[in-house]
Each structure stands twice: as C-alpha cells, then as structure tokens.
Amino acid sequence: MATTNLQFKTNYAVSSKIEPFYKGGKVQISKDEKYIFCTCGSRVNVLEISTGKIVHCIEHDDQEDITSFALSCDDEVTSRALLLKQWDWRQASCTRSWRAIHTIPVASMTFDSTSTLLATGGCDGTIKLWDVVKQYCTHNLKGSSGVVHLVEFHPDIKRLQLFSSSLDCGIRLWDLRSSQCLVVLQSHYSAVTSLSFSPDGDTMVSSGRDKICTVWDLKTRQAKRTVPVYEAVEGVVLLPENTDLSEIGVKSKDLHFITAGSKGVLRVWEASSARCVHTHPRSLTYLFHLPESSRLATVTAEHNILLYQLPGLSTQQQFVGYSDEVLDVKFLGKGDTHIVVATNSCQLKVFELLTNSCQILYGHTDTVLTLDVFRKGSLFASCAKDRGVRVWQMDGDGQVRCVAQGCSHTNAVGSISCSRMKASFIVTGSQDCTVKVWDLPAEFPTAGEEIHQLTARATEKAHDKDVNSVAVSPNDKLLASGSQDRTAKLWSLSGDGTVGLLGVFRGHRRGVWAVCFSPVDQVLASSSADGTTKLWGLQDFSCLKVIRLSLVGSDGLVKLWTIKTNECVKTLDAHQDKVWGLHPSRKDDRMVTGSADSNITVWADVTEEELAEEQAKQEDQILKQQELSNLLHEKKYLKALGLAISLDQPHTVLTVIKAIREGENSSQLLEKTVLKLRVDQKESLLRFCAVWNTNARNCQDAQAVLQVLLTHLPPEELLQYQGARTHLEGLIPYTGQRRAQSQHLYSFNSL
C-alpha cells in the first residue's frame, strides 16, 4: 500500500512501461545489430537497442513455450515441440509452418550465412537440414548420442560443413555433400557450449563446462592448444585481428579470445601462452560479438543484457530483462529523466527513461526495501534488510555512485525520508522500533575517495512494534512515523539534534503502513492495513477525514480521490498485482508506479489534452448545429439529415424528420430523402426509430420513417443491419394499431 501527495488531476494515461521481456534462454542479435531477440515463455520479444522498447512480439497461438529459435537476415524461425514456424518478425506474421519430423522436441537450431538452409538439433539425437524456401528436409544426420544441444554452420558456405555437439561432449564435423561425419573432435569432458571461428575459417575455438577452451586447426582437424580457464564457460569469442586492443591486455599479434562463464567475469586469453591478460568483472553467462559496431553483447545470470564497446570494454548500454517484484520506485535527475527502482534484490536499478538503458548499483548486501529522493533530484537515499542506509549521487552524465553509508540499526530498515529544504539529513525507521536522524556532510567525497561514514545524531525508541513509515515535513521541522502498533506519531526536529514527541494519532484498527504530510495544509495522511486512509489535523491530532478505500491497493489499481467529497474520481488500471511504489514528478505532470507484477508504469497527466479535445469537440458540435440550422432553413433536407445522423443525436435527427413532414408533399419528400441515405445512415435511422416509437409524441414520426424502410427495403438487407432483429422485435408491441406495418414486422421476425 502506497500513499503520496498529488495535486488533484482529473486523469492520467500510460506514457511508457518497463516490463519483463527476458526470463532466460536463448538471445540473438539481428544482422544489422539494431535489435535483440530473446525468449520469454511462449513469446519471442524484439527489443530495439536504440530505444530499449519492445517493438515486436511473436507468440504462438496455443501459448506453449518456445524451445528454440534462430534468426536469419530478414526472417525469424521459432520451434516449439515438434512444429517449425517461419515468421516475418517486422509484420509479426507467420509465413510458413511445417512439421519438424523430429520424434521429440527441437533443442537447437541455426541458419547458414545465406539464410536458405536451416539446421535443427533434436532431443532424439538426430540433426536435420531444411531448405527453408521449399520447406523440405534435405539431410537427416544420425550418429549423435542424446540431445543435440549445439549446431553451427562453418562460416564459409562453400565448404558445406556443419558442426554439432551432444551429450558425448565430442564436436562432430559433418560434410553436407556426402551427409557423412568426417571426424569427431575430442577434447572436452563436459557439455560444449560455444564455437567461434577465425575470419579465414581455418581456426576454431570451442568452450565447455569442463573449464577449458580448445583452439582447433580445421585444416588438420587437430587441437592446437588447450587453455584451462578455471571456470565453466558459456560463451567464447575470438577477438578481431589487426585492431588495437591494448586497453584489454592484448600486447601481441597472437590469437586472443574472450570468455564468459560461471564466475561471472569477462576474461581475455592469449592462446599461445594460455595466459589470462585481462579480467572484466561482471556476472556473465553468454557472449556475442557484434563486428559491425565493434561491440560485445553479454547476458548475465540475473537476465540482464549488456553491450560493451571495444577496445576498452566500456559499458555502453544495459537492459534488464526481468526485475522481479518492484518494492519502490522514484523519479531521479534534474528533469526527472531517470527512475531508481528497488526490486526484490540487494541491487538498485537506475533506468534512463528515454532509452530504458539501466545502471545497476551494488552496495547493499540484502534486499533494498525503500527509497527517497532529495528535492533537487540528483541525490537519493536507500535502506535495506542489511540494517544499513546508503546515500547515492548522480553526476551530470547520469552515472550514479554511493557517497555515504551508515549502519547502526539492529534490525531491517524499512522506511526512509530525506530532508525537504536542502540535503542536510535523512530519517530512518526500523523493525527495531527506533527512528534515527542522520546528518549529511556539507560536501560528499569525489570519485575515487572513500565513502563517507554516517553517524546517527539522534535515536528514539518511537513505537512498540515495527516502524513502517517515516516522513519529514516540507519545512524540515516535523517528523511523522507510522507503526505496526496501529498508531502514527508526530515529532519535532530541533536544530540541536533532539527528537521530541508532540502527539499520537490513534484510530486505525490495524498497522499503519504509510504517512505523508500535505504540501500546503497542516494535515497528515496515514494509510493502514484496515483499508482506510485518514487525514489528521496537526494542531489537535483529530481525524478530519476517513477514506474507506486505499489509494493504492492489492488489486493493482491506482485511484485518484477528491479530498473535499471523499469521492474516487478516477481508477487507473495497468498492473496485475500489488502496487508497492508510487511517486509524482516534481512538475506534477507525471507519476510512476511499480508493482509486484514486475512492471513499472510511467503515467502522464492528460487533463489539459482531454479538456482541449473536449473543447474542440464542443466547438465542432456548435459549428455543425449552425450548419444544420442553415440547411434546414434552405430546405436541403438530405444533407441536413446526413449531418444530424453523423452527430449521433437522436433528438437532432428527429428535428429534421419533423421539419420534412411539416412541408408540402411530406410523404414523397420523406421517402425520397430517406432512400438516398447511405446504408450505415439507414442503419442508424432504424435504431433511432426504435427509441422514438416508445414515446407517444414522437411515434407518428417513427412510424412514417418505418413505413419507408419496411416498404422499400428487402428484408434481407434490413436484417444485415447491426442489431436489426432486436430493434424490429422491440417495435412490434408499439405498432399493433398499424396493421399493415405490423404485418411487415411479423414477417421480418419470422425470418
């Protein structure tokens, strides 16, 4: 449950979302290096690298998980179970579908460099090659033992060679001209995870979970060198030749390769000496080379995707595939250009809203529970289950680092509040039932200097149970606390560092989860697990208002309330689970929410836009009403009737019908006018007649229009109108006095 101050707005709309797009499995990058493809259950999501947005989503109709996929130059093929599907991913349309022939699901797949051949490795131990254009199986390669988890074409298509690996840990080299296995390259004693080829195609490096990498001479088909890397390797990439890579330890022209594995680091190796010449710490599991942009792409164990720029391996972008449960979220940066997110993790995530690129902050050793941001937006504080508090600072380039830390609570710290006037102190509340006030230094250490150690200037035994929430008043002179003991308390914050109790707010029947000061009035808001939000006067501690529904609840809905009438004026629905975090921007034109469903939603205030649209609509209505009046005056009844129907106002249409019937030769004029209407206009007219016919003052006009429609239109045409049968059945009880028309209606009904 979250409560926050928002100057009242009529409506908000979803501006953008950060949602899970990758939960493990295969990742691939498009040939133009602009898109990342990754599996997420039954979907393949397409992430645009420049914006960080999901631009396409390919999903099976039956919701079954995708077991493997491969990407060609312009198409993408996915496989689930025993079915292969080829997709035009830009149109999200399935262009071809055929049976995989494998007796059990496909485990691996890859295209050749021409995108005309597809190789699939099955869990049945067979490898099949497919002509993608003609959709038939060209080869059925047998001899592998168990699941074929790796298939890779030789990059030189003229050689017509395929490499594969299965449970026996050997690397099979297949000649596709003869469909024969030429050799089994034996070196690994555990699963082979990756292959990488030199530009000339004569050298190959293989990696495995047996903690070795092997350099192969493909001319002699012999191992040139075995390099012990001391960790299970998931990805290996041969570094490009004739490139200055001295920043990452490459000092010679010998063969070098880079690995990512179980120890979570990037390592650069010199093959000739088997030496590790550079280490780049990151929790990495998969590795790809992007030659066009001279970058490396890596996937971490936490489902994050990072892009590094060569030659220095500087982090260029980072995308978070899955954030788990979002516990708190705040706007960050001078223009609210970023958000900082606490998830069910000891790490913090800072997202740039423009690109969704993420910086991960390390420091806490247990789950971060909540956050608060100082007024200027470049400084924020966090607290965690590790009993600690940390202060973080964002520089002009958007990079964040920890500048201060403190730890003197004896239990988890679940609430934090920053000073409002200037960045001078923070207040924390803990499960140890205490509230602490921490002074901040006048200047924080610069990059490279030691982190400032915070000390608490005041500690107060505030409640009998956990302190769930603390809030500092806008003038920095008052402090409010809310506790599991069902009370909220008001405290004075004096300049000498003392904290004094001013009063207790009693009335909640269950624990108080959040407290918040009004920015304009002497009022405190508190929300509780009893399902109420209460407004309290700071002068006499009396309850001024009780709102019976929470502002943000466990149903995932965000509600906007008017305090004056206790009325919920808007319900915003974008989450599927509890909303734990809510924060308005400094300009009050946006807000951000974070939920247990792992989604983060940025909302924009659209009140002014909607008012402008409504005003424009009203002005348009006035102009059309004036035009209608002019048409009636000029007796241009067909245009008048068409215009009235376009306004979708039955009473206005009735006015035109009455005007037609008041003139000379009204029956012929009405018949001529109605029959010239378009089909959709006649459909609307029939709907209006069903309404008019129930009113004694208007029934004659309705009957006159019905006379025209039922007499001149065939029943088959009328029954094609939307809701025609319902409208006609509704007309029968009111049309009994006109026998001829009644007979028409009964005949229609019998159809």
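You'll find the structure just up there.
Attention here is on the structure that accompanies the text.

Thresholds applied
- Residues numbered from 1 in each chain as written.
- Predicted model: local features only at pLDDT ≥ 70, side-chain atom pairs only at ≥ 80, totals over all residues.
- Heavy atoms only, no water.
- Buried < 20%, exposed > 50% of the residue type's maximum accessible area, 1.4 Å probe, protein only.
- Helix = DSSP H or I, 4+ residues; strand = E, 2+ residues; numbered from the N terminus.
- Pairing = 2+ DSSP bridges.
- Patch = residues over 30% accessible without salt bridge, like charges linked within 9 Å, V, L, I, M, F, W, Y side chains within 5 Å.
- Areas by Shrake-Rupley, 256 points an atom, 1.4 Å probe, with all protein chains shown as cover.
- Salt bridge = Lys/Arg side-chain N within 4 Å of Asp/Glu carboxyl O.
- Lys, Arg positive; Asp, Glu negative; His and termini not counted.
- Charge placed at Lys NZ, Arg CZ, Asp CG, Glu CD.
- Arc of directions from axis to C-beta.
- Contact = heavy atoms within 4.5 Å.
- Polar contact = N/O pair within 3.5 Å; in protein donor to acceptor, adjacent residues only side chain to side chain.

Burial of strand β33 (residues 358-361) is two-sided: the residues C358 and I360 facing one way and the residues Q359 and L361 facing the other way are all buried. Direction of pairing for strand β32 (residues 348-352) relative to β33: antiparallel, over a ladder of four bridges. Looking at the pairing, F351 lines up with C358 of β33. As consecutive antiparallel partners, β32 and β33 are separated by five residues, and within that stretch N356 has a phi angle of approximately 65°, a positive value.

With that settled, consider a negative patch on the surface. On the surface, E608, E609, E610, E613 and E614 cluster together into a patch of negative charge. With respect to the secondary-structure elements, E609 resides in helix α1 (residues 607-633). E609 sits in the partly exposed class, given a relative accessible area of 44%.

Right, let's talk about helix α4 (residues 666-675) for a bit. Those residues of α4 that sit buried are L670, T673 and V674. The buried residues of α4 occupy one face: seen down the axis, they fall within an arc of 95°. Of the exposed residues in α4, the ones pointing more than 90 degrees away from its buried face are Q668 and K672. On its buried face, α4 sits against α2 (637-646), α3 (650-661), α5 (679-692) and α6 (699-712).

Okay, the environment of I660 next. If you trace the backbone, I660 turns up in helix α3. Separated by 24 residues in the primary sequence, I660 and K636 have C-alpha atoms spaced 9.8 Å apart. Setting aside residues no more than four positions away along its own chain, I660 makes contact with Y637, S666, L669, L670 and T673.

Further remarks concern the side chain of S595. In this structure, S595 sits in strand β54 (residues 590-595). A relative accessible area of 0% means that S595 is categorised as buried. In terms of polar contacts, S595 uses its side chain to reach the backbone carbonyl oxygen of D577, at 3.1 Å. Those residues in contact with S595 that sit more than four places away from it in its chain are E325, V326, H575, D577, K578, V579 and W580.

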